[in-house]
Amino acid sequence: MTTLHPTLTLIEQRISANRFDTSHHLADADISRLVQLATRAPTAYNLQNWRFIAVRTPGAKARLRAVAQDQAKVQEAAVCFIVCGVLADPEALAERLQPSVDAGFMPSAMAQGWLQAAQQQYASAQAVRDEALRSASFGAMTLMHAAQALGLAPCAMTGFDAEGVAASFGLASEEVSVMLVTVGRAAPGNWPQKPRRPLDQVLEFA
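In this report, we go over the structure that sits alongside the text. In this text the structure is predicted, and so the values were computed from the model without any measurement.

### Some remarks on the environment of Ala-117
Of note, Ala-117 is situated in helix α6 (residues 108–121). In this structure, the C-alpha to C-alpha distance between Ala-117 and Ala-172, residues 55 residues apart in sequence, is 26 Å.

### Looking at the side chain of Ser-177
Of note, Ser-177 is situated in strand β4 (residues 175–184). In contact with Ser-177, not counting residues within four places along its chain, are Ile-82, Val-83, Cys-84, Phe-160, Ala-162, Val-165 and Leu-171.

### Brief notes about the sheet that holds strand β1 (residues 50–55)
Strand order across the open sheet formed by 4 strands is β1-β2-β4-β3, with antiparallel pairing between neighbours. Lying at the two open borders of the sheet, with one neighbouring strand each, are β1 and β3 (153–157). When the angles between neighbouring strand axes are averaged without regard to direction, this sheet yields 25°. Pairing of β3 with β4 involves 5 bridges; the strand directions are antiparallel. Bridge pairing links Cys-155 to Thr-182 in β4. The strands touched by helix α3 (residues 58–66) within the sheet are β1, β2 (79–86) and β4, with β1 carrying the most contacts at an inclination of about 115°. The strands touched by helix α7 (residues 125–149) are β1, β2, β3 and β4; relative to β4, the strand with the most contacts, the crossing angle is about 10°.

### Quick look at the packing of aromatic side chains
All chains considered together, the criterion is met by 3 aromatic pairs. Between Tyr-45 and Tyr-122 the ring centres are 6.1 Å apart and the planes differ by 80°, which places this aromatic pair in the edge-to-face class. Placement of Tyr-45 in the loop between α2 (28–38) and β1 and of Tyr-122 in the loop between α6 and α7 is noted, with a sequence separation of 77 residues between them. A single burial state applies to Tyr-45 and to Tyr-122, both of which are buried. Ring centres of Trp-50 and Phe-52 lie 6.1 Å apart, and the angle between their planes is 50°; on these two criteria the pair is classed as tilted. Of the two residues, Trp-50 and Phe-52, both sit in the buried class. Ring pairing ties together the aromatic residues Tyr-45, Trp-114 and Tyr-122, which thus form one cluster.

### Regarding the packing of α2 against α7
In the contact formed by α2 and α7, the axes pass within 8 Å of each other and the chain directions differ by 130°. Here α2 is positioned oblique relative to α7, judged by the angle of their axes. Crossing hand, α2 versus α7: right-handed. Counted together, Leu-34, Val-35, Leu-37 and Ala-38 of α2 and Gly-139, Thr-142, Leu-143, Ala-146 and Ala-147 of α7 form the full contact between these two elements. Each residue belonging to the contact of α2 with α7 can be placed in one class, and the counts come to 7 nonpolar, 2 polar and no charged.

### Notes on the packing of helix α5 (residues 93–103) against α6
It is at 10 Å that the axes of α5 and α6 come closest, and there the two elements cross at 155°. The orientation of α5 with respect to α6, classified from their angle, is roughly antiparallel. Of the two possible hands of crossing, α5 and α6 adopt the one that is right-handed. Every residue of α6 that contacts α5 at Leu-93, Leu-97 and Val-101 is listed here: Ser-108, Ala-111, Trp-114, Leu-115 and Ala-118. Of the residues in the contact of α5 with α6, the class split is 7 nonpolar, 1 polar and no charged.

### Observations concerning the nonpolar core
By size, the foremost hydrophobic cluster in this structure holds 24 residues, and its most contacted members are Leu-26, Leu-34, Phe-52, Phe-81, Val-83, Val-181 and Val-183. Those elements that place two or more of their residues in this core are α2, β1, β2, α7 and β4. Broken down by element, the residue count for this core peaks at 6 residues, all from α7. Every residue in contact with Phe-81, bar those within four places of it in the chain, is listed here: Ile-31, Leu-34, Val-35, Phe-52, Ile-53, Ala-54, Leu-143, Met-179, Leu-180, Val-181 and Val-183. Formed by 17 residues, the second largest nonpolar core is a distinct cluster that contains Ile-53, Cys-84, Phe-169 and Leu-180.

### Points about α5
The complete set of buried residues in α5 reads Leu-93, Leu-97, Ser-100 and Val-101. Down the axis, α5 shows its buried residues gathered within 100° of arc, on one side only. When the buried face of α5 is taken as reference, the exposed residues oriented beyond 90 degrees from it are Glu-95, Pro-99, Asp-102 and Ala-103. Downstream of α5 by a residue or two, Gly-104 has a phi angle that is positive, lying close to 95°.

Reading the values: rules and limits
- Residues numbered from 1 in each chain as written.
- Predicted model: local features only at pLDDT ≥ 70, side-chain atom pairs only at ≥ 80, totals over all residues.
- Heavy atoms only, no water.
- Helix = DSSP H or I, 4+ residues; strand = E, 2+ residues; numbered from the N terminus.
- Contact = heavy atoms within 4.5 Å.
- Pairing = 2+ DSSP bridges.
- Axes fitted to C-alpha atoms, helices over the stretch in contact; angles between N-to-C directions.
- Phe/Tyr/Trp six-rings, centres within 6.5 Å; stacked < 30°, edge-to-face > 60°.
- Buried < 20%, exposed > 50% of the residue type's maximum accessible area, 1.4 Å probe, protein only.
- Parallel < 35°, antiparallel > 145°, perpendicular 65-115°, else oblique.
- Left-handed = near helix turned anticlockwise from the far one by under 90°.
- Nonpolar A, V, L, I, M, F, W, Y, C, P; charged D, E, K, R; others polar.
- Core = buried A, V, L, I, M, F, W, Y, C linked by side-chain atoms within 4.5 Å.
- Arc of directions from axis to C-beta.

The quantities given are spatial measurements derived from coordinates; they are silent on function.
Rendered as structure tokens:
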């Protein structure tokens, strides 16, 4: 009998938690570990164009809840991350790729080629914003899987005022708040993973 890999079990058992144990707290070191794992997610050209704001103090949670449609889980979870995509800037690539060059597995000429390709790819504001959304989404999903693997319950959230978040938490003009992710210890009463649509409705072989 084939043993299911733990990662597959994690995906199949993942839930979106709406109820959290309000007595549970995460140390800053644990929060940092979650973000460290989240940044293992892929980004185009290894841009790593994201930022994570860990909202974990009562005052900051209250500010965030005020611009997140008064959703209680913002305050009840141990931490609520504001996952930001940063508008793709090809000029940042040289610095981001240099560690790969220094490590010896990326030739410097290749890094220069990537820089030129990125400059062409991100010539429009739409392409720049699209890449910010993709990068933040990859980071958020990896963050949620990391939380689940560490025995915590995550939940991705929309339903917030992006301009309000930007003003309340000092986002830079090039930062886009893509989603919120609450993380904590699940309380009783959460639903199991909701049923998914049949594959024949979502999968096409070409």
